[in-house]
Amino acid sequence: MQSIMTGFLILLLAINSIMVFQLRDMKRTDIIRHLRYMALGVAGIIVPEMVILLTKDRQIAYYAFTFYYIALAWYAMMIFRFSVSYSGYQLFKVYKSPFVWITVIESAVLIWGMFSERVFTIAHAKWYDHIYWICRGFSMFYVYAIVSSIFLIGAVVVLMIAATQSPRIYRLKYSGVAIIIALMVISRLNSQIRQQPILVQVIGFAFGEIVIVYMAVHYAPKKLNQRAMQFVADKLNDGIVLYDDEHQLQFVTTGYSDAVGFKGIQGISNEEMYWTKIISGANVGNAWNGRVMSVARDDDTYYYEIQHMALNEDGKLIGTVYWIRNVTESIKSYGEMVCRANFDELTGIYNEAHFHEMARKLLEENPDTDFVMTCSSVEKFRVFKELFGQEKYDDYLIRTAESLRTGLVHIPHCVYGRIGEADFYIMMPKEAFDPQQFLDAIDGVANAYSTNNFNLIVKAGVYEITEPLQDMLAICNKASMACDSIKGDYGKQILWFDENIQKESLLKERYNAELSTAIEHGEIQIYLQPQVDREGKVIGAEALARWVHREDGLIPPAYFIPFFEMNGRITELDICIWKQACEKLKEWKEKGRDDLHISVNISAKDLYALDIYEHYVSLVKEFGIDTKNLKLEITESAIINDLKQHAHLVERLQEAGFEVEMDDFGSAYSSFNMLKDICVDVLKIDMKFLGDTENEERSHAILKSIVDLSGELHMKTIAEGVETEEQFEFLKGVGCDIYQGYYFSKPMSVADFEAKYL
């Protein structure tokens, strides 16, 4: 009997050795490494047991028992570490040394017991009519047995926790291995309690190890892959159907019935014949892709994208797969997709890309026709949006697009579109373009949105396309350049592009690149335009920016200030001017001329880019000047963007001692309503806004009313742009307080101002 058992153990050892080599060739992961150690541990268990079976010498058997229990201790520890790693926990890395040291202590105790025989003893016992060596432990042995069992039980607990906390699809992976280890623990405890030969334990551990390797390396991953594939397939909106070689349904996803509209297995089975008929007329070979049309349900047309594949093995058919996707919605919405790709979503006219495409096509198809490109754009459209809201702004854009549709429908060879936020482009034959009619059309829509507080002004640029082969973006940019160049110019509404506009645009870009260097080198300087009282005595000046370029000389402010206001760099320029004004006021104060003031301008961009209050308070402290000598001018258009916030700013500046002037009052907004919300100290009236009129009496009456209203509101008035003695005498007559303009002096350098007035 012993020889038979020994042969059986040799077989198990051989199987175990094969597993060791098989695991060695696999990708080296923590799990595979632990499995390999476990397989080696089983070999360490089997070999001593073979010695125990074959020997009759008690001393040799005792030594073999000792090595068996040592191997079993290390095997139990390896099972625990494998279980932790297999479950995905990382605690074993922290507690790796304690586990090893506990097992080392167990081994040391067993080796000590091998010489002292105080841990366990062995004796012959009869089992099923055969004599075997069995172990009887002392108290120290049971401590060892409990520790080893704790490792094994701990492995089961870790795996079961992982199984309960994992998604259902992963439970088999953990629970299967946990059950095997639990059976190994039960087998060991049973044989220990019933004092059976350790042969029972060895066989249990050997078989358990084989099953664990199979479960962890082969069975569980395969089942997991199958269930994962089924899970993914069921989540697909598309349908996948698998039939065997006899057209019997083997596999179907839940997405199939949703895609096709048939419910139940019977309906799916019958449908297989339907798909077979669809592809029967095609030369499908082993695979076929196609799109079919069906009117099978609800008197409607449905579209399906089908893939069919015959599965062959060794030249024989083993099954058929159909992949069916309902693309009805995609095909029906194709037109909508094309529309969204080519047309502006808000207005319904061409968007930028499609406008360029259609304009290019029009030029190519009509090489003998002269075309013009126009660009129309709302001036200060952001102010319009702030005042009236996004909905009103969108309504304007929609009505403008509708005006283009109705107004241009009779013109052949004409395309139009919306590019950017507020720009509309039209390309049409030059002979069909009537500038006045064009302006009347865009003004007709704009006037409907103008109010007493705001005039919606639209500017237009026109470019005659003299080089049809140039890039369409360049063509549009030239019309845009012409449009942008007249923004802020109230005397012009439409302008034709010429080379000077392009040169000016390039020059502005050059100045933009040189601004920081110009400030650093002192090229940006203040010029002062005197402000006088009723007797003509100079009481101060307005600081104006001038650029004394190292190559181009004195650059007119119209060349760079509007451009910097548009791109936001006006703030750099303004800070430079403010500091120079404060330096000059400090110098005048030291010379005893603190009776003079300087007014500086605050642009709309400054209000958002800077903390104006903190900035000016810091400047006054830094240069040691009085707030009464530094006057602050804020344009009406800058204030109106956010009345509530800016009214609060004005109040804070006044509390700090500054006088705040509203510049360009009435020049664009007729802002009497605004005076009830913002209490400035001075209204600055530009004479130009009343100059272009044939009814001088009405102009004078309006101007007198503004001065009278200012007095009632305890505000001073400054008239700028005074150019004649007649204007000066009239303004004195109506009670204006301060005067500024060419009648007294042009803006001049600081040196000239000081030489003339100080």
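Residues numbered from 1 in each chain as written. Predicted model: local features only at pLDDT ≥ 70, side-chain atom pairs only at ≥ 80, totals over all residues. Heavy atoms only, no water.

### Re helix H3 (residues 58–86)
(1) Moving on: With 29 residues, H3 ought to run about 42 Å at 1.5 Å a step, and its terminal C-alpha atoms sit 41 Å apart, in line with that.
(2) Moving on: Counted residue by residue, H3 has 23 buried out of 29 residues, so it is predominantly covered.
(3) Moving on: At the N-terminal boundary of H3, the capping side chain belongs to Asp57, with an oxygen 2.8 Å from the backbone nitrogen of Gln59.
(4) Moving on: Gly88 sits one or two residues past H3 and shows a positive phi near 90°. (Helix = DSSP H or I, 4+ residues; strand = E, 2+ residues; numbered from the N terminus. Expected span 1.5 Å × (residues − 1). Buried < 20%, exposed > 50% of the residue type's maximum accessible area, 1.4 Å probe, protein only. Polar contact = N/O pair within 3.5 Å; in protein donor to acceptor, adjacent residues only side chain to side chain.)

### Observations concerning helix H7 (residues 171–193)
(1) Moving on: When the terminal C-alpha atoms of H7 are compared, their 32 Å separation across 23 residues agrees well with the 33 Å that a helix rising 1.5 Å per residue should span.
(2) Moving on: Taken as a whole, H7 has its buried residues at Tyr174, Ser175, Gly176, Val177, Ala178, Ile180, Ile181, Met184, Val185, Arg188 and Ser191.
(3) Moving on: Directly after H7, the chain includes Gln195, whose backbone phi takes a positive value near 50°.

### Thoughts on the packing of helix H15 (residues 390–408) against helix H16 (residues 435–447)
(1) Moving on: Close contact between H15 and H16 brings their axes to 10 Å; oriented N to C, the two are set at 150°. The angle between H15 and H16 places the two elements in the roughly antiparallel class. Handedness of the H15/H16 crossing: right-handed. Where H15 abuts H16, its residues Tyr396, Arg399, Thr400 and Ser403 lie against Ala441, Val445 and Ala446.
(2) Moving on: By residue class, the composition of the contact of H15 with H16 is four nonpolar, two polar and one charged. (Axes fitted to C-alpha atoms, helices over the stretch in contact; angles between N-to-C directions. Parallel < 35°, antiparallel > 145°, perpendicular 65-115°, else oblique. Left-handed = near helix turned anticlockwise from the far one by under 90°. Contact = heavy atoms within 4.5 Å. Nonpolar A, V, L, I, M, F, W, Y, C, P; charged D, E, K, R; others polar.)

### Looking at the confidence of the model for the chain
(1) Moving on: With 79% of its residues at a pLDDT of at least 70, the chain reaches an overall mean of 79.
(2) Moving on: Predicted confidence is poor over residues 264–274, with pLDDT under 50, and the contacts of this stretch with residues over four places away or in other chains come to 16 contacts.
(3) Moving on: Here residues 277–288 scores under 50 on pLDDT; set against residues more than four positions off or in separate chains, the count is 18 contacts. (pLDDT = per-residue confidence, 0-100.)

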